[in-house]
Amino acid sequence: QVQLVESGGGLVQAGGSLRLSCAASISIFRFNRMGWYRQAPGKQRELVAHITSGGSTNYADSVKGRFTISRDNAKNTVYLQMNSLKPGDAAVYYCKARMGIIATTLANDYWGQGTQVTVSS
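Here the structure is a predicted model, which is why all the values come from computation and not from measurement.

Draft legend 1. Representation of the pattern of salt bridges in the model. Scanning all chains against the criterion turns up six salt bridges. Residues Lys64 and Asp61 are paired through a salt bridge, measuring 3.1 Å at the closest nitrogen-oxygen approach. For Asp61, a relative accessible area of 64% gives the class exposed. A salt bridge links Lys96 to Asp109; the shortest N-O distance between them is 3.7 Å. Highlighted residues: Lys96 in strand E9 (residues 91–100) and Asp109 in strand E10 (residues 107–111), separated in sequence by 13 residues. Judged by relative accessible area, which is 12%, Lys96 ranks as buried. A single network of salt bridges, built from pairs that share partners, joins Arg38, Glu46, Arg66 and Asp89.

What follows is the structure, encoded as structure tokens:
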């Protein structure tokens, strides 16, 4: 059973920083890719950033230069360092992990329960 547990959310003033953590119940080497998504009230869930098993990263344009995704393989944890936070960054942040199915082009996606980020202006 794959479990992803996010932590680190909270209330921060605009311009502040938070670091989110996503701890996996299995070795993160087993995932092709891990990422952070967010969903604000009334909006669709959107990709914030992802990191591949090889360490390649990708960011949404809205967070480039402010957010950094990283991974600690020994701790089976992926992080999202968020700096210069804006009120528009407020949302529930979800961790997602994608695991390929051997001998196919298919994959399974696993989600965490989410962590709330609130940014006051």
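Draft legend 2. The arrangement of the nonpolar core in detail. In terms of nonpolar packing, the biggest core is built from 32 residues, with Phe31, Met34, Trp36, Leu80, Met82 and Tyr93 touching the most fellow members. Going through the elements one at a time, strand E3 (18–24), strand E4 (33–39), strand E5 (46–52), strand E7 (67–72), strand E8 (77–82), E9 and strand E11 (115–120) are the ones with two or more residues in this core. If one sorts the elements of this core by residue count, E9 sits on top with five residues. In this structure Met82 touches Gly16, Ser17, Leu18, Leu20, Arg66, Phe67, Tyr93 and Val117, once residues within four positions along its chain are discounted.

Scoring rules and cut-offs
- Residues numbered from 1 in each chain as written.
- Predicted model: local features only at pLDDT ≥ 70, side-chain atom pairs only at ≥ 80, totals over all residues.
- Heavy atoms only, no water.
- Salt bridge = Lys/Arg side-chain N within 4 Å of Asp/Glu carboxyl O.
- Buried < 20%, exposed > 50% of the residue type's maximum accessible area, 1.4 Å probe, protein only.
- Helix = DSSP H or I, 4+ residues; strand = E, 2+ residues; numbered from the N terminus.
- Core = buried A, V, L, I, M, F, W, Y, C linked by side-chain atoms within 4.5 Å.
- Contact = heavy atoms within 4.5 Å.

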